[in-house]
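# Breakdown of the fold
Below are the chains, spelled out letter by letter.
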Amino acid sequence: MADKKWMPRWFYQLASPRWCYDITGKLLPIFAVAAVLLLVTGTVWALMFAPADYQQGNSFRIIYIHVPSAILAQSCYMMMAVAGAIGLIWKMKVADMVAKSCAPIGATIAILALATGAIWGKPTWGSWWVWDARLTSMLILLFLYFGVMALNSAIESEQTAAQATAVLALVGLVNIPIIKYSVDWWNTLHQPATFTLTEKPAMPPEMWIPLLVMVIGFYCFFAVAMMLRLRNEIVRRERRSSWVRELISG
Amino acid sequence: MTQLCPTTTYFVYNALLSAVFAKNIGRFAASVAFEVVLLSAPRLKIENLFCERDERILFDQLCFDVEAGEVVQIEGQNGSGKTTLLRILSGLSRNFEGEIYWQGEPVQECAESFRESLLYFGHQPGVKAVLTPEENLRWYASMHPTIDLSKLDYALARVGLTGYEDAPCHTLSAGQNRRVSLARLYLSSAPLWILDEPFTAIDKRGVAEKEALIEEHAAQGGTVILTTHHELAIGDRIRRINLDQLMGTS
Amino acid sequence: MSNIVTKQAEQKLQSGAVKVDGPFWGALKRDLLLSYRRKSDLVNPLIFFLMVATLFPLGVSPEPQFLADVAPGVVWVAALLATLLSMDSLFRSDFEDGTLEQLLLSPQPLFMVVLAKVLAHWMLTGLPLTLLAPLLGVMLFLPGEGMFGLVLSLLLGTPTLSLVGAIGAALTVGLRKGGVLISLLVLPLYIPVLIFGTASIQAAITGLPLGGYLALLGAMLALGLVMAPLAISAALRISVSG
């Protein structure tokens, strides 16, 4: 415990599930409102006002869902690994809970990215699935999420499960750049010069500003989903502590 | 106090030696001070140990010291956490809160020297079935430098395995397999023995011999922490810690 | 004369009785000895390797041109699965008989012991697979020019497979149903090795230089050698703790 002295106060406070529960309770409505506003604005803007692509027509508009979800799926894995590492090093329960809450959200969003990629692929390439580098990397990321979730549910002791998952997530984090690089390379070898969903030489501002709004909206949505899961997890694990009992009875 | 005398003289002698060789008074003083601290601190100090398993609190606020020359028997019903406690003390299990000090230092900060001083006998004897007793002990010696292999024949004779040196352990009985593991007690110079049910499947004569060995180890300034369902015939050196009572009072 | 020789041998044995191996050699020798005594464990992955490769002509097409095209991938996928199959037993038997506990309580650096165990595993699966691979190459009509790339890429790639697989083995050692889980955890991590392994064979077939691919496989091995034992050690301590 002695090695916690150098840390700032907020970091120390984060370690307390109760403090975390309170603070997320305050933040939750803010992020929820922001998420709804941004997502609605972004969607309307993207579908109604943004110009159509000169090559792909209206079908390109799916990038307003595909790209934010792809970005988010990757950040979510990173967050899971970092939270796991914090839990592993400082034995911080809340960090373990954050890591555990991240995995299913990340997996769902990765599935969303894959599904939107497939829907876009049908009119563009004429088939539901193409071994495009980005889609393949996303598929592998989804496999990594599945691995983390399977390991977490296979181990009975919560503490051991959290630690083992953290190690796996960190190993995955080291591997993601290698996987990404090798898949990109493999793709150029096997499929030279096809359409890709996102590599536009220069996207005009009318196109990328709504995209940015959607990306921020997705992050806010992620924050909401994460906090909801985290609060659930905190209450579940701390259900025998006095403050949770008061919370439930009161 | 009388037990401390040989160790005290040893340390003083050691300190004098280092003073002579270093020809440095400051270092001499420091080394004396260091060794005085070592002497005044208990061998093993357990502070505020908390452990829960499967949502059941096994022990809370558990504190006790173990001195050199002591035999501590951990008692309790089945499921009271005897094995868990021994696994925590040995460093195998990390699912606990609280502090453990080895000779005044937190055990995680002197992990290597602690492991060097430890001989652990667990539920599984740690014997490879396809290897012979001798090969098993040789492997153990390569992992634990405190093992003196020149006494190998003597140790195997003492545990009644002369003539079985070349038999693979799967041809031996359960009791004999445990004897292979117990032979380490005759080979090791580690001061701290942690023994989890060492007498299971051992015949009466074997038990008596091991009891004598444990008593001898303690008389030489060693420390033994063990669990057993046998009534130990070890004089006044033994101290009993009952986990049921501890939980009852707290 | 012979009497003297045996006496000398005996003396040698007796002096050897006091000699203690270091942690690395101790662990390596023990694991090699263990599998020497239990030879079936040694042969099973090899038979599996052969069987998987046999499935492709039967399941898809025995036509030489087709097989030659897919041979690099088939051999690599088969090697990957065979390694995975043998992975589960790496720490499991040690865990079950309690020797893993003794290993973790050793004051010796766990890094070295773990590295020795993985090396032993590679010598018993990866190396035989590499040596057997040309036979599969012939069965799958792999062009002669590709053989060199096949053997070299497997030689550099299979140690990485053992290292990464050992992380999965260490994470699942305490679980009863570790076998299926291990593939789920480890297979995605094997993908880069698979990509560059097959690429180097294809480069060798088409006569392109394969130094670059082999260098990448070597880089992955170097990274694995440094990082994997850390992850394996941490995973073992966590698994045994739980």
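Residues numbered from 1 in each chain as written. Chains lettered and ligands numbered in written order. Predicted model: local features only at pLDDT ≥ 70, side-chain atom pairs only at ≥ 80, totals over all residues.

## Section: the overall build of chain B
Tallying secondary structure elements over chain B gives 10 helices and 9 strands in all. Buried residues in chain B amount to 40% of all 250 residues. (Helix = DSSP H or I, 4+ residues; strand = E, 2+ residues; numbered from the N terminus. Buried ≥ 20, exposed ≤ 12 C-beta atoms within 10 Å, placed from the backbone.)

## Here we look at the overall build of chain C
A count of helices and strands for chain C gives 10 helices and 0 strands. Each of the three principal axes of chain C carries a C-alpha extent, and together these read 60 × 55 × 35 Å. Expressed as a percentage of the 242 residues in chain C, the buried residues total 51%. Contacts in chain C between residues at least 24 apart in sequence constitute 80% of all its contacts with a sequence separation of at least 6. (Contact = placed C-beta atoms within 7 Å.)

## So, the packing of helix α3 (residues 39-59) of chain C against helix α4 (residues 64-87) of chain C
All names here are of chain C. Contact pair α3 / α4: the axes reach a minimum separation of 9 Å and the direction vectors enclose 145°. α4 is crossed by α3, and the crossing has right-handed handedness. Residues Pro45, Phe48, Phe49, Val52, Ala53, Phe56 and Pro57 of α3 form the contact with α4, whose own contacting residues are Leu67, Val70, Val74, Val75, Ala78, Ala79, Leu81, Ala82, Leu85 and Ser86. Of the residues belonging to the contact of α3 with α4, the class tally is 16 nonpolar, 1 polar and no charged. (Axes fitted to C-alpha atoms, helices over the stretch in contact; angles between N-to-C directions. Left-handed = near helix turned anticlockwise from the far one by under 90°. Nonpolar A, V, L, I, M, F, W, Y, C, P; charged D, E, K, R; others polar.)

## Here we look at the interface of chain B and chain C
Chain B puts 30 residues into the contact, and the matching count from chain C is 25 residues. Among the elements that line the side of chain B that touches chain C, the one with the most residues is helix α5 (residues 133-143) of chain B, at 5 residues.

## Some words on the packing of α3(C) against helix α7 (residues 110-139) of chain C
Residue and element names in this part refer to chain C. α7 packs onto α3 with a crossing angle of 30° between their chain directions and a minimal axis gap of 10 Å. As judged from the angle between their axes, α3 and α7 are roughly parallel. When you trace α3 past α7, the crossing you get is right-handed. For the pair α3 and α7, contact is made by Leu42, Pro45, Leu46, Phe49 and Ala53 and by Leu124, Thr125, Pro128, Leu129, Leu132, Leu136 and Met139, respectively. Along the lines of polarity and charge, the residues of the contact of α3 with α7 split into 11 nonpolar, 1 polar and no charged. (Parallel < 35°, antiparallel > 145°, perpendicular 65-115°, else oblique.)

## A look at the sheet that holds strand β1 (residues 44-53) of chain B
All names here are of chain B. Pairing is antiparallel in the open sheet, where 4 strands are placed in the order β2-β1-β4-β5. Only two strands of the sheet have a single neighbouring strand rather than two, namely β2 (56-66) and β5 (105-106). Here β1 pairs with strand β4 (residues 97-102) via 5 bridges, running antiparallel. When the bridges of β4 are listed, Phe50 appears paired with Glu97. (Pairing = 2+ DSSP bridges.)

## Overview of the confidence of the model for chain B
Residue and element names in this part refer to chain B. Confidence along chain B averages 81 in pLDDT terms, with 82% of residues attaining 70 or more. Predicted confidence for residues 1-10 stays below pLDDT 50, and this span has 6 contacts to residues more than four positions away or in other chains. With pLDDT under 50 throughout, residues 15-38 is counted as low confidence; its partners more than four residues away or in other chains account for 13 contacts. (pLDDT = per-residue confidence, 0-100.)

## Let's talk about the sheet that holds strand β6 (residues 118-121) of chain B
Residue and element names in this part refer to chain B. Ordered in space as β6-β7-β8-β3-β9, the 5 strands form an open sheet in which the pairing is parallel. Bordering the open sheet on either side are β6 and β9 (238-242), each of which pairs with just one other strand. Here the strands of the sheet are splayed against their neighbours by 15° on average, with no regard to which way each runs. Judged from the 3 bridges that link them, strand β3 (residues 71-75) and strand β8 (residues 223-227) form a sheet pairing that is parallel. Along β8, the bridge assignment pairs Gln73 with Leu226.

## Notes on the nonpolar core
As a rule of thumb, nonpolar side chains are buried together in soluble globular proteins. Ranked by internal contacts, the top residues of the largest apolar core, which has 201 residues, are A:Val167, C:Val75 and C:Ala235. Two domains each provide a minimum of three residues to this core, namely domain 2 (41-117 + 191-250) and domain 3 (132-187) of chain B. In contact with C:Ala235, other than residues within four places in its own chain, are A:Ala164, A:Val167, C:Ile167, C:Ala170 and C:Leu171. (Core = buried A, V, L, I, M, F, W, Y, C linked by C-beta atoms within 7 Å. Domains from an automatic or database assignment.)

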